[in-house]
Amino acid sequence: MRRALLAAACALGCWLAASAPAAAEQPPELLAAPVTRGAPPPAAPAFPGLPSPGDLLPEIDPGTWARAFLDALADMAGEALVGAARGAVDRALGLGGSSLNFVTRTPEAGTYESTTVRSMWNLSRAAASAALALVVMWGGFNVMLRRHRGSPYDGVMELLPRVVLAALAMHLTLDFARLLIDLNNGLTQAVGQHGLPGYAQASAGQGGVAHAVVALGYAVVALLLVLQMLMRLALLDLLIVLGPLMVLCWVLPQTQGWTRWWAQLLPLTVFQQAVQVAVLHLGSSLMVELTPGERSDALLTLLLGGAALWLTLQVPALLQGQLQQAGLGRARPVASLGRAALGGPGGR
């Protein structure tokens, strides 16, 4: 019995000795805080040097997250569309390995040096030569029946010079077109414009939704300009091919209107490019002057460049309107094609 009491006393002494240092290590606030029934347990002590779990997770703002998501989505979609448009414009400008620049100059390989154009011109010249006899016969009928039909010819001496001149001129229409195209290329080279204003800033991945929308609009206008220049090139080739037949139509009074149409439309189609390149060069120069020291402002540069491109699109219509007011003809050149591409009233 005595041994049992002695063992219990030793165990009680050891327990008291072990719990005393732990209580001493606790902060006095925790020791003094009363414990009430139903109250939440005291907060865990803070360990110096260890971050709080709340500090590891930043505060998430739904508005900021949504704006960032929309900016990223606009950048991705805009960059894809603008990149595709830039590829087509680069090829039209002769960039990226392309050798056919038809925007800022008229390529010889696509006009009078083209194998297809020359072969079709030869076919047209042969057809005009074969039809010359019919034209002379029809002109003879005009002379004989001039009093009854009101023909402007007074006699054979007026018909024969026209026949001779037409027979010679139908073989020179290709050289005439070559002269006009070379002169136009010389003028565009003298202007010195080899690109589009603001084209370097036409990228959608630089400034969020606003920049992506403006860049996409710029790309659309640039594609319209490329389309207009491509239609101009096709129309120019058609006018070259039709040259011999149009010259032959000058012999007869009934068909002289076609000759006037061709003679007015060919130079206008050729030299409208020189005027458009001058507008592009003027737009590039004004962009530098209006934004001194702000070349990094891609949004403003794109807006000014898009305005210059839009004005360039309107040049053919402005030239044709001036010719109509001057009474120089009723022909509708590639300006009508440009208006049709733009959806304007001239395209109806």
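Residues numbered from 1 in each chain as written. Predicted model: local features only at pLDDT ≥ 70, side-chain atom pairs only at ≥ 80, totals over all residues. Heavy atoms only, no water.

Asks: I'd like to hear about the nonpolar core, residue by residue, with values.
Replies: Residues Ile-240, Leu-248, Val-251 and Leu-266 are the most contacted members of the largest nonpolar core, which totals 29 residues. Elements represented by at least two residues in this core include exactly α5 (115–144), α7 (156–169), α8 (173–191), α9 (208–241), α10 (243–248) and α11 (256–290). If we ignore the near neighbours within four places in the chain, the residues touching Leu-248 are Ala-128, Ala-131, Leu-132, Val-135 and Met-170. (Core = buried A, V, L, I, M, F, W, Y, C linked by side-chain atoms within 4.5 Å. Buried < 20%, exposed > 50% of the residue type's maximum accessible area, 1.4 Å probe, protein only. Helix = DSSP H or I, 4+ residues; strand = E, 2+ residues; numbered from the N terminus. Contact = heavy atoms within 4.5 Å.)

Asks: So what about the packing of aromatic side chains? Which residues, and what values?
Replies: If you walk through the whole model with that rule in mind, you get two aromatic pairs. Consider the rings of Phe-176 and Trp-262, whose centres lie 6.5 Å apart with planes at 45°: the pair is tilted. Taken together, the residues Phe-176 in helix α8 and Trp-262 in helix α11 connect sequence positions 86 residues apart. Residue Phe-176 is classed as partly exposed on the basis of its relative accessible area, which comes to 36%. Judged by relative accessible area, Trp-262 falls into the buried class, the value being 7%. Consider the rings of Trp-258 and Trp-261, whose centres lie 6.1 Å apart with planes at 80°: the pair is edge-to-face. Remark: Trp-261 and Trp-258 occur in helix α11; sequence separation between them is three residues, near one turn of the helix. The exposure class of Trp-258 is exposed, given its relative accessible area of 52%. (Phe/Tyr/Trp six-rings, centres within 6.5 Å; stacked < 30°, edge-to-face > 60°.)

Asks: Any details on a nonpolar patch on the surface? Residues and values, ideally.
Replies: Residues Leu-134, Met-137, Phe-141 and Met-144 make up a contiguous nonpolar surface patch of about 460 Å² in total accessible area. A relative accessible area of 52% places Met-137 in the exposed class. (Patch = residues over 30% accessible without salt bridge, like charges linked within 9 Å, V, L, I, M, F, W, Y side chains within 5 Å. Areas by Shrake-Rupley, 256 points an atom, 1.4 Å probe, with all protein chains shown as cover. Salt bridge = Lys/Arg side-chain N within 4 Å of Asp/Glu carboxyl O.)

Asks: Requested: an account of the side chain of Thr-106, with residues and values cited.
Replies: Mapping Thr-106 onto the fold places it in the loop between α4 (62–92) and α5. Classification of Thr-106 by relative accessible area gives buried; the value is 0%. In terms of polar contacts, Thr-106 uses its side chain to reach the side chain of Arg-232, at 2.8 Å. Ignoring anything within four residues of it in the chain, the contact list for Thr-106 reads Thr-111, Ile-181, Asn-184, Asn-185, Arg-232, Leu-233, Leu-236 and Gln-273. (Polar contact = N/O pair within 3.5 Å; in protein donor to acceptor, adjacent residues only side chain to side chain.)

Asks: Talk me through the environment of Val-251; I want residue IDs and the actual numbers.
Replies: Among the secondary structure elements, Val-251 is positioned in the loop between α10 and α11. Take Val-251: its relative accessible area is 0%, and that puts it in the buried class. Separated by 112 residues in sequence, Val-251 and Gly-139 place their C-alpha atoms 7.8 Å apart.

Asks: Go over the environment of Ser-129 with me, naming the residues and quoting the values.
Replies: With respect to the helices and strands, Ser-129 occurs in helix α5. Sequence separation between Ser-129 and Pro-244 is 115 residues, and the spatial gap between their C-alpha atoms is 8.5 Å. Ignoring anything within four residues of it in the chain, the contact list for Ser-129 reads Met-170 and His-171.

Asks: Could you give me a rundown of α8, with the residues and numbers involved?
Replies: Under the 1.5 Å per step criterion, the end-to-end length of α8 is 27 Å for 19 residues, consistent within 8% with the ideal 27 Å. Along α8, the residues classified as buried are Thr-173, Leu-174, Ala-177, Leu-180, Ile-181, Asn-184, Asn-185 and Thr-188. Summarising the axial view, the buried residues of α8 lie within an arc of 135°, below the 170-degree limit, and thus occupy one face. Set apart from the buried face of α8 by more than 90 degrees, the exposed residues are Leu-179, Gln-189 and Ala-190. (Expected span 1.5 Å × (residues − 1). Arc of directions from axis to C-beta.)

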